[in-house]
Structure formats: structure tokens, C-alpha cells
Amino acid sequence: MALTIGSVHHGKGIPKNVAQLVQDASNYEFNALVPLKYWLNTASNMIKQAHVYLREGDDEMAYFLLFRHAHLFLSNLSTHPQVKPNDPLMQAAQDEVKKNLKALELLKPRINRRYEEYVHANQSKARQREEDAARRRADQGLPSPSDHETTGHNSHEKLSGHDNTDLAARLAGLEFSKRGPSRRAYPTGSSMPKDRDDLAAQMEAVRRRFDSQTDQPSDDYKQQRQAYIANNIGYSYPTIPSQKPQQAQRQVLEPTPSRSGYTAEPAQPPVLPPKPRTESNVRASILPPRPEKAPAAPVLNKETVTGPTYTFAPAAYLENGTALRTIFLPSTLRTTFLRLAYQNTLKNVETCGFLAGTLRANALFVSTLIIPKQTATSDTCEMTDESELFDYVDQHDLMVLGWIHTHPTQTCFMSSRDLHTHSGYQMMLAESIAIVCAPSKGDTSHGGEWGAYRLTDPPGKMAILKCDKPGIFHPHDVDNIYTDAMKPGHVMEISDMDFEIVDLRK
């Protein structure tokens, strides 16, 4: 059931052709026992990520995601047992797939051309090496050059997140400032700037032509989706349901966050390391979201989109060998969250929040801490308005990268209920993390014990998804169910990294 995408080609420096990408994108396990809502959110995340990779000129990752999204709907989700006859959401999704298939056709020649250039360059270099080696052996008896040298036409230089934290903080600052109120949106029916990349114009034209030929305009997609969510499957992010609802109580919260915990306005970003790449290389944007919520993008030329740039190399790997992208986490986010949860903690009541952010340069940046409306006990926490959270994330073009919650009096660990909650997140995004805070344990003057965790895969994720045991606390038959995501892992704290607090309880 893994829909992990991190290992397609990043970190290898070797481009793939369309046939290879199609084979990779079709290689995943579909489990119809997993609720439809998880699959739908997984598909939504894939489209968001594909748009980011398109904007950054990574055609291969964009193609991989768009094809996998299409394959998921056309080959598997249409037969899911929770899909109803003449399902309006599935019909709208299939129309979206048809548009993406048009985009795939536009990407196909670019990808194959880059692959052919890579193969040709490698062959030429290999012939040159053989000729040089033969000449040296004849003239001086020198050994031939190393056979492992390769040339690369993949335009993305791979950078280590651990070695480039200043660059990561700068990218986070640029993204944070970009998401301010000054962002423009293209009105419905308006055209994009003429000097945008050719591919963007072609894809936009394809989308407009398709919209004019179908009875299901793309602008209706989200409305139908939300209606379906409300009336059919109760779509929501995974929550921590109370085992004893009658004991749950609505919290009267009075958060008083200190400004020392976060920056209300973006600070000046730190200086870049010596010439890793220019700032303009990470501002490419070639495919906007739907018009009613489309953010503005800087005007770009073709050279900016298709020229050399950099991405962050995989930071860690799942137990099955799949690469995980780095999650950059603001170092003050945890202590800020604990201040927001302080009144609940005094009452021995849990508090939960969500980590939302963006994808950039093949890394994930936590940019928003969202506190939803919730009720809680000493062992559970449950959202009371899932649709409000869903709407906020969707409207602001964010991705849910994980969640955070407190254990007011317990130690720092993942309970069985926590494991079940997190399995839904990690199914939707392999890099998703669960942060647990135990403020009453350890060094309480600095926030107490805490950890960032993920399920092992295998065996943990599948074991939890298959588990149907009741109760907040119950044992599992599998060892090594979860692991630390930081020491070592793919999560990295960054100082001087801005983030936004959205408290939906107010």
C-alpha cells in the first residue's frame, strides 16, 4: 500500500525515460481494506506535490506523481468497496485525471529528450575514456580512468540538509514571506503572463479546452468533494477519538503565547553558503493551482525553469529502502505549542495540533502550527470540527506533514491509540511525523521530554493498519513498531525559521 515517492530518482543523478517512470509509478500495493478517505487524501497530496515539482522544473517527479494519481483512480479506486454507484466525487476525480493525462503528454517529450541526451553524453564520454586510456597505455603505460565516472544531465544538484541548514532557513524565509497577503491570484477566466514558461501556457490551454468540453467544470471539483465528505464518508484528518465520550469536556482555553517563541513577521534570512546556486533558481513556477485560490508567482523565463538548480538529497530511508525527504522543523515550534497547551496541561488534559507546510527543493518545510477546535481527556484528544481544519489547509495550499500532542503526566512514548492515529498520516505521506511532548518529565525547565516518531515500514505501518483491537491502550504482536525520526532520521530542527500559528479554537 506504500505510495512513497521519495526514491524515484532523487539522489541518484541519473534521469529516467517515460517507460521507466511509468513502471515505477505503477509499482505500489493497493489495499481495498484501507478506508477510502485515506486514499483520497493521499491522492490530493500527490497532486499538490506534482504542482510543486512542476514549478521547480523537475519533470520526472511531476510525471511520476501525475501518472501514479491517474493509475490509482483508474485502476484501483474505482473498485473500492466504499465507492457508491454514480459517485459524484469519483466522477469529478476522473475528470481531473483526464486533464492530468493531457499534462503527461506535454511532459513526455521533454523527459525522453533529457534521457536521450544523458545516454548520448554517457556513450560519448565512455568512448573518450577508452580512447584516452588506450593512448596512455601505449605512450606511458598508465592505467585507464575509473569506470565508475558518469556524466549527468539531471539538472538538480543534490545537497545535504545537515550541511546546508543556512540555505534551508533562507528557503523557508522566502516561502514564508511569499505566503503573505501580498500574493496575487489569477481571476477565473484570466490568462497567465505571456512570458511564463511555454509548458505552463500549453498546460493551461489544455485545461481550459477540457473545461469547455465537459459537463463537470474544474471549479466545481472542491465543492463536490466537500459535499461528498460531509454526506458520505465523513472525510477528516485522523483524530484521537475519546474512548469514553461522556467524560470528554470542551476546553476553555486562554493561550498566551510569548513572542519570544516565534516571529510574527519574517526575519531577514541568513546569508547563503558560498555560491550553492542563485536565489532565482528556486523560484520557478509553471503550473498554478485552481484559479479561485491560485497564489501569485514571480514571472519566469524558460531558462529559469529548465536550467540547473538544486534539491535536497534524501535524509533517511524506510526499512524497505525507500528514501525519505528531509522535514525542516522550526526549533521554537515545540515550546510555542507547549505554551498554547499550558492551561490544558495544568488540568491534566491533552492538547493536539497539526504541522502543516510546503514542499520545496525536494524537502518539506513546516511553516504552520494549526490548533483545531477539540475536546480532550487525560489520555485522548478529539477534533470537533474537522471540516474547518480541512478547509484551512486546502485554501492555503498547504500539506499536513504530521501532528503534535501532549502527554501531560505520562512519559514520552507512542501509545497504541497514537500509533493508530499516526498510521493514517503516514499512509498519506511517508515522511509524516508524530511529535509527543511530556512536559512533566525530564528537563521540565526546557519543555520536558519530547520526541519525533514515525512507524517502521515494514513492519509497523502495515501491522497497525491491519489491527482491529479496541481500546485506547492495547498490545500489538509486532516488535519495532515505531522509531525515532530525528536521531538519526529525516527530521531536522532549524533555528531562526519562521512559522505561523493558526488557533482555530478562538
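Look up: the structure comes first, before these words.
Since the structure is predicted, the reported quantities are computational estimates derived from the model, not experimental observations. (Residues numbered from 1 in each chain as written. Predicted model: local features only at pLDDT ≥ 70, side-chain atom pairs only at ≥ 80, totals over all residues. Heavy atoms only, no water.)

Caption draft 1: Up close: the overall build of the protein. If you tally the helices and strands in the protein, you get 13 helices and 16 strands. The buried share of the protein, taken over its 506 residues, is 55%. In the protein, once contacts between residues fewer than 6 apart in sequence are set aside, the share between residues at least 24 apart is 80%. Per element, the accessible surface of the protein, about 22,200 Å² overall, is 48% carbon and sulfur. (Helix = DSSP H or I, 4+ residues; strand = E, 2+ residues; numbered from the N terminus. Buried < 20%, exposed > 50% of the residue type's maximum accessible area, 1.4 Å probe, protein only. Contact = heavy atoms within 4.5 Å. Areas by Shrake-Rupley, 256 points an atom, 1.4 Å probe, with all protein chains shown as cover.)

Caption draft 2: Region of interest: the packing of helix 2 (residues 36-55) against helix 3 (residues 59-76). Axis separation between helix 2 and helix 3 bottoms out at 8 Å; the angle between their running directions is 155 degrees. Looking at the two axes, helix 2 sits roughly antiparallel to helix 3. Between helix 2 and helix 3 the crossing geometry is left-handed. Contacts between helix 2 and helix 3 involve Trp39, Leu40, Ala43, Met46, Ile47, Gln49, Ala50, Tyr53 and Leu54 from the former and Met61, Ala62, Leu65, Leu66, Arg68, His69, Leu72 and Phe73 from the latter. For the contact of helix 2 with helix 3, the residue count by class is 14 nonpolar, 2 polar and 1 charged. (Axes fitted to C-alpha atoms, helices over the stretch in contact; angles between N-to-C directions. Parallel < 35°, antiparallel > 145°, perpendicular 65-115°, else oblique. Left-handed = near helix turned anticlockwise from the far one by under 90°. Nonpolar A, V, L, I, M, F, W, Y, C, P; charged D, E, K, R; others polar.)

Caption draft 3: Spotlight on the pattern of salt bridges. The full count for this structure, using the stated rule, is 9 salt bridges. With a closest N to O distance of 3.1 Å, Glu319 and Arg454 form a salt bridge. Here Glu319, found in the loop between strand 4 (316-317) and strand 5 (323-324), pairs with Arg454, found in strand 13 (residues 449-455); they are 135 residues apart in sequence, far enough to count as distant. Among the salt bridges present, the one from Asp503 reaches Arg505, with a minimum N-O distance of 2.8 Å. The class of Asp503 is buried, set by a relative accessible area of 13%. Exposure remark for Arg505: the relative accessible area of 17% places this residue in the buried category. Each of Asp59, Arg110 and Arg114 takes part in a single network of salt bridges with overlapping partners. (Salt bridge = Lys/Arg side-chain N within 4 Å of Asp/Glu carboxyl O.)

Caption draft 4: Molecular detail of unusual backbone geometry. Put simply, Asp457 and Pro458 share a cis peptide bond, and its omega is -5 degrees. Within the secondary structure, Pro458 is located in the loop between strand 13 and helix 13 (460-466). Of note, the amide linkage connecting Pro458 to Pro459 takes the cis form, showing an omega dihedral of 5 degrees. Along the chain, Pro459 falls in the loop between strand 13 and helix 13. Positioned with a positive phi, Asn348 is a non-glycine residue whose angle comes to about 60 degrees. Relative to the helices and strands, Asn348 is located in the loop between helix 10 (342-346) and strand 7 (352-360). The phi angle at Asp496 is positive, at roughly 55 degrees, despite the residue not being glycine. Its place among the elements puts Asp496 in the loop between strand 15 (491-494) and strand 16 (500-503). Judged by its relative accessible area of 69%, Asp496 falls in the exposed class.

Caption draft 5: Spatial organisation of the state of the cysteines. Inspection of the entire model under this criterion finds 0 disulfides. Cys381 carries a free sulfur, and the closest cysteine sulfur to it, the one in Cys352, is 3.1 Å from it. (Disulfide = S-S within 2.5 Å.)

Caption draft 6: Just helix 12 (residues 416-428), in detail. For helix 12, with 13 residues, the first-to-last C-alpha span of 19 Å sits near the 18 Å given by 1.5 Å per residue. Of all the bends in helix 12, the largest measures some 25 degrees and sits at His422. With 13 of 13 residues buried, helix 12 lies mostly within the body of the structure. (Expected span 1.5 Å × (residues − 1). Bend = angle between axes of the 7 residues up to and from the residue.)

Caption draft 7: Looking closely at helix 2. Here helix 2 contains 20 residues, and its C-alpha end-to-end distance of 29 Å stays within 8% of the 28 Å for a straight helix at 1.5 Å per residue. With 19 of 20 residues buried, helix 2 lies mostly within the body of the structure. Looking one or two places after helix 2, you find Gly57, whose phi comes out positive at around 80 degrees.

Caption draft 8: How the structure looks around the environment of His71. Mapping His71 onto the fold places it in helix 3. Judged by relative accessible area, His71 falls into the partly exposed class, the value being 22%. Linking His71 and Ala25, residues 46 residues apart in sequence, is a C-alpha distance of 8.1 Å. Non-local contacts of His71, meaning those with residues more than four positions away in its chain, are made with Ser26, Tyr28 and Asn76.

Caption draft 9: Summary view of the side chain of Ser416. Tracing the backbone through its elements, the reader meets Ser416 in helix 12. Dropping the residues within four chain positions of it, Ser416 is found in contact with Gly471, Ile472, Phe473, His474 and His476.

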